[in-house]
Amino acid sequence: MGWVDEFSTSGRLGRAGFWGRHLLALPPALFLCVSATQVLGEPIDVLPALLTTVFLVSVWGRRLHDRGRSAWWLLVVALPVLGALWLLLECGLRGSVAASRYGALAGLRPDYVTVGAAPRMERAP
């Protein structure tokens, strides 16, 4: 996946990729949002915040796809505390193993070639 695909809501995302993006990509994005506010000022600071929001919707939406749910379930956070807790719990659980309407298992693509073990060659005495 390229970095542009990080803003797409199609496909699935496993738990490791989900938490990895929160640990590696989210802190610099939040730092950029705060820095843009302090350095560039009011009208320009909206762009990094908007990009970070789209990134988070993409990551959470693809994680919900891995659980077999639509990204529309992100709207559950409108419920004050219970919605956020439910969403956090839902995204922390194991994803579905079978292919779904959202694609193949996270990390697998149908165009990959699986290479089996090569046959063993007998050595001459």
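That block above? That's the structure.
The written sequence of each chain sets the order in which its residues are numbered from 1. Where totals are concerned, whole chains, interfaces and linings use all residues; where local detail is concerned, this predicted model gives features only for residues with pLDDT of at least 70, and gives and counts side-chain atom pairs only at 80 or more. Side-chain metrics rest on all non-hydrogen atoms present in the structure, leaving aside hydrogens and water.

**Some words on the packing of helix α3 (residues 46-66) against helix α4 (residues 82-92)**
Where α3 contacts α4, the axes come no closer than 9 Å and their chain directions differ by 60 degrees. Considered as vectors, α3 and α4 are oriented oblique to each other. Seen from above, α3 lies across α4 with left-handed handedness. Where α3 approaches α4, its residues W60, R63 and L64 are matched on the opposing element by L87, L88, E90 and C91. Classifying every residue of the contact of α3 with α4 gives 5 nonpolar, no polar and 2 charged. Each axis is a line fitted through C-alpha atoms, and for a helix only the stretch in contact is used; angles between axes span 0 to 180 degrees, taken between their N-to-C directions. Elements are defined by DSSP. Helices are runs of H or I of four residues or more, strands are runs of E of two residues or more, and each kind is numbered from the N terminus. Orientation labels follow simple angle bins: below 35 degrees gives roughly parallel, above 145 gives roughly antiparallel, 65 to 115 gives roughly perpendicular, and whatever is left gives oblique. What makes a crossing left-handed is the near helix being turned counterclockwise from the far one by less than a right angle; a clockwise turn instead makes it right-handed. By definition in these notes, contact holds between two residues if any of their heavy atoms fall within 4.5 Å. Gly counts as polar in this scheme, as do all residues outside two lists: the nonpolar Ala, Val, Leu, Ile, Met, Phe, Trp, Tyr, Cys and Pro, and the charged Asp, Glu, Lys and Arg.

**Section: the pattern of salt bridges**
A side chain with one charge can pair with a side chain of the opposite charge if their charged atoms come near. Here, a salt bridge means any Lys or Arg side-chain nitrogen found within 4 Å of an Asp or Glu carboxyl oxygen. On inspection of all chains with the given rule, the structure shows 4 salt bridges. Where R12 meets D66, a salt bridge forms, and the shortest distance between an N and an O atom there is 2.9 Å. Pair noted here: R12 is in the segment before α1 (15-24) and D66 is in helix α3, with a separation of 54 residues, a long-range link. Pair check on accessibility: R12 and D66 agree, each one buried. A salt bridge links R67 to E90; the shortest N-O distance between them is 2.9 Å. With a gap of 23 residues between them, R67 in the loop between α3 and α4 and E90 in helix α4 connect regions that are remote in the sequence. Overall, R67 belongs to the partly exposed group, its relative accessible area being 23%. In the salt-bridge network here, residues are joined through shared partners; they are R12, R63 and D66. Exposed residues in this analysis have more than 50% of their type's maximum accessible area, buried residues have under 20%, and partly exposed residues fall in between, with area computed by a 1.4 Å probe over protein chains only.

**Description of the environment of S8**
Within the element layout of this structure, S8 appears in the segment before α1. By relative accessible area, S8 is classed as partly exposed at 24%. When sequence neighbours within four positions are dropped, the list of residues in contact with S8 reads S58 and R62.

**Considering a nonpolar patch on the surface**
Side chains of F7, V46, L47, L50, L51 and V54 sit close together on the surface and give an oily, nonpolar patch of about 520 Å² of accessible area. By secondary structure assignment, the location of F7 is in the segment before α1. Looking at F7, the relative accessible area reads 31%, which means it is partly exposed. Only residues whose relative accessible area exceeds 30% and that form no salt bridge are eligible for patches; like-charged ones are grouped when within 9 Å, while nonpolar side chains (Val, Leu, Ile, Met, Phe, Trp, Tyr) are grouped when within 5 Å. Only the protein chains shown count as cover for residues, with accessible areas throughout obtained via the Shrake-Rupley method and a probe of 1.4 Å.

Interpretation note: all reported values are geometric properties and have no functional meaning in isolation.
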